[in-house]
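# Structural characterization, general
As a plain string of letters, each chain reads:
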Amino acid sequence: MSRPLLEELDLHLTTRCNLACGFCSVDANAPGARGRLPLPRLQMLLDEAVALGLKELHITGGEPTLSPQLEDVVRHATGLGIRTRLITNGTLLTRDKLEDLWRAGLRNIMVSIDALASTHDAMRGQEGAWHRAMGTVSHAVDLGFTTRVSAVAFASNVHEISQLMVVAAQRQVDVFSIFLGSPLGRGQAWKDRVLGRRAWRAFLAEIQLGVRRGDFGQDMAIIAEQGWAWDDDPSTPTTDMEGRGAGCGSLAEKFDYLMLRADGRLYQCVFFLHAGPSLGDLSRSSLGEVLQKALREQPSAHLTELPPTCQGCERAQRCGGGCRGYAELYRGTHSARDPRCTGPEAQTSIPLCPIAKLNLRTGTLAGSSELALRAP
């Protein structure tokens, strides 16, 4: 049996967080959240992951800067040659702490900022969060980190994102990432704020116009989740996409993009991080054992099947039946039709995997940000 080729691992180093974001996709600080893996175990898992091909590690949480293991994990990962990125809310990182992380080998940081100051603070549940996060961005740029700002777009903040992008460009941010907000974790309470397909398309068009006008400078890369492919825009490819954003169809055979929760459970998709099938428990088994078992037993195979209502639809080959996670979130079962689908009777768009990424400067669509950032 061939070994799985692992490209990217999202490591949730802790479930703790110092903020109270109403849309938290992982429901940080939830009652009953289990503990963390000990450092030697994490180091051993990273050794195994590199042997399986790991190239990219994203350290997240909760808020990973709350973990006493952070510097040691960074040092071990970068020592193995893994491209390592810290994903943080930016409120706890002083310049001294950033210098410590630089000495540990960290070179990439992504700071989550969703809007201008008052809106961001309201979304994050803490006054002053925006100014502290922006301070972290400025320090990171000044110290030479490859610095990203990421915004999660909902109806309550989407109108301020273009203004935030101007600020980011002025601060010489390298990459600006825009996520289409989904009702995951605590965000289930935000279903009424999730943007629909027409609003999202209008927003992307606004940003593309801003790119052409030079509103965001010339150097800052801009990545957004595509969301849908439109029938009147045949230039948007939907087949032969690489990366996890290619959709659910490859879940049974590809283990290139994985998420490791702080309690040791391993997952393939953020949309099933809480309620979906775990590939295994890495607090008890090796990474190789878990992935080889997954290849044999294919616990996610049921997620690759077309929903019954999609059988016979000529568009199903392009969309693959849509997102099984969205079906679960909105209709209570993965076997329902993706609620973002207009159906064969209203052929205007098809839903893509929610994490498919579009490079708004080059037009490149790919299954991950890194692939979308590559030159076309």
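## What to know about the sheet that holds strand β7 (residues 221-225)
Strands sit in the order β11-β10-β9-β1-β2-β3-β4-β5-β6-β7-β13-β14 across an open sheet of 12 strands; the sheet is mixed. The sheet is open, and its two borders are formed by β11 (280-281) and β14 (365-366), each paired with just one other strand. The pairing of strand β10 (residues 265-267) with β11 spans two bridges and is antiparallel. Following the sheet pairing, Leu-266 is matched in β11 by Gly-280. Contacting β9 (257-260), β10 and β11, helix α8 (residues 287-297) runs over the sheet at an angle of about 45° to β10.

## Quick word on the packing of helix α1 (residues 39-51) against helix α2 (residues 70-79)
Two elements in contact, α1 and α2, have axes whose closest approach is 10 Å; the angle formed by their N-to-C orientations is 20°. On the basis of their axis angle, the class for α1 and α2 is roughly parallel. With respect to the hand of their crossing, α1 and α2 are arranged in right-handed fashion. For the pair α1 and α2, contact is made by Leu-39, Leu-42, Gln-43, Leu-46 and Asp-47 and by Asp-72, Val-73, His-76 and Ala-77, respectively. Of the residues belonging to the contact of α1 with α2, the class tally is five nonpolar, two polar and two charged.

## Quick notes on the pairing of strand β1 (residues 8-12)
Taken across its five residues, β1 has five buried, putting it largely inside the fold. Burial of the side chains of β1 extends over both faces: Glu-8, Asp-10 and His-12 are buried on one face and Leu-9 and Leu-11 on the other. Pairing geometry for β1 and strand β2 (residues 56-60), over five bridges, is parallel. Bridge assignment links Leu-11 to a residue of β2, and that residue is Ile-59. Pairing of β1 with β9, which is carried by four bridges, proceeds in the parallel orientation. What sits directly across from Leu-9, in β9, is Leu-258.

## Section: the nonpolar core
Of all hydrophobic cores here, the largest spans 79 residues; its most connected members are Phe-176, Ile-178 and Leu-266. The contacts of Ile-178, once residues within four sequence positions are left out, are Ala-151, Ala-153, Ile-161, Met-165, Trp-200, Phe-203, Ile-222, Ile-223, Ala-224 and Glu-225. Formed by 28 residues, the second largest nonpolar core is a distinct cluster that contains Phe-23, Cys-24, Ala-28 and Leu-329.

## Some points on the pattern of salt bridges
Per the stated rule, a full pass over the model turns up 22 salt bridges. Between Glu-370 and Arg-83 there is a salt bridge, and its shortest N-O distance comes to 4.0 Å. In this pair, Glu-370 is assigned in helix α11 (residues 369-373) and Arg-83 in strand β3 (residues 83-88), connecting sequence segments 287 residues apart. For Arg-83, a relative accessible area of 34% corresponds to the partly exposed category. Residue Glu-225 is joined to Lys-357 by a salt bridge in which the shortest nitrogen-to-oxygen separation is 3.3 Å. In this pair, Glu-225 is assigned in strand β7 and Lys-357 in strand β13 (residues 357-359), connecting sequence segments 132 residues apart.

## Examining the pairing of β3
Counting buried positions along β3 gives five out of six residues, so the element sits mostly inside the fold. Read from β2 through α2 to β3, the crossover connection turns out right-handed. Sheet topology places β3 next to strand β4 (residues 108-112); four bridges connect them, and they run parallel. In the strand pairing of β4, Arg-85 is matched with Asn-108. Traced from β3 through helix α3 (residues 95-103) to β4, the parallel crossover comes out right-handed.

Definitions and limits used
- Throughout, a residue's number is its position along its own chain's written sequence, starting from 1.
- Selection of residues for local features in this predicted model requires a pLDDT of at least 70, selection of side-chain atom pairs for listing and counting requires 80 or more, and totals for whole chains, interfaces and linings are taken over all residues.
- Only hydrogens and water are set aside when side-chain values are computed; all heavy atoms of the structure are taken into account.
- Pairing between strands requires that DSSP locate at least two bridges from one strand to the other.
- A run of H or I in DSSP becomes a helix once it reaches four residues, and a run of E becomes a strand once it reaches two; helices and strands are each numbered from the N terminus.
- We call two residues in contact whenever any of their non-hydrogen atoms come within 4.5 Å of each other.
- As a rule, the C-alpha atoms of each element are fitted with a line to give its axis, helices using only the stretch in contact, and angles between N-to-C directions run from 0 to 180 degrees.
- The scheme is simple: roughly parallel for angles under 35 degrees, roughly antiparallel for over 145, roughly perpendicular for 65 to 115, oblique for anything else.
- Working rule for handedness: look at the near helix, and if it is turned counterclockwise from the far one by less than a right angle, call the crossing left-handed; if clockwise, right-handed.
- Residue polarity is assigned by list, with Asp, Glu, Lys and Arg as charged and Ala, Val, Leu, Ile, Met, Phe, Trp, Tyr, Cys and Pro as nonpolar; anything else, Gly included, falls into the polar class.
- Buried means the residue's accessible area, taken with a 1.4 Å probe over protein chains only, is under 20% of the maximum for its type, while exposed means over 50%, and partly exposed covers the values in between.
- Only buried residues count toward a nonpolar core. Its members are Ala, Val, Leu, Ile, Met, Phe, Trp, Tyr and Cys residues joined through side-chain atoms within 4.5 Å.
- For salt bridges, the criterion is a side-chain nitrogen of Lys or Arg within 4 Å of an Asp or Glu carboxyl oxygen.
- Handedness rule for crossovers: strands pointing away from the viewer, path from the first strand over the helix to the second running clockwise, crossover right-handed.

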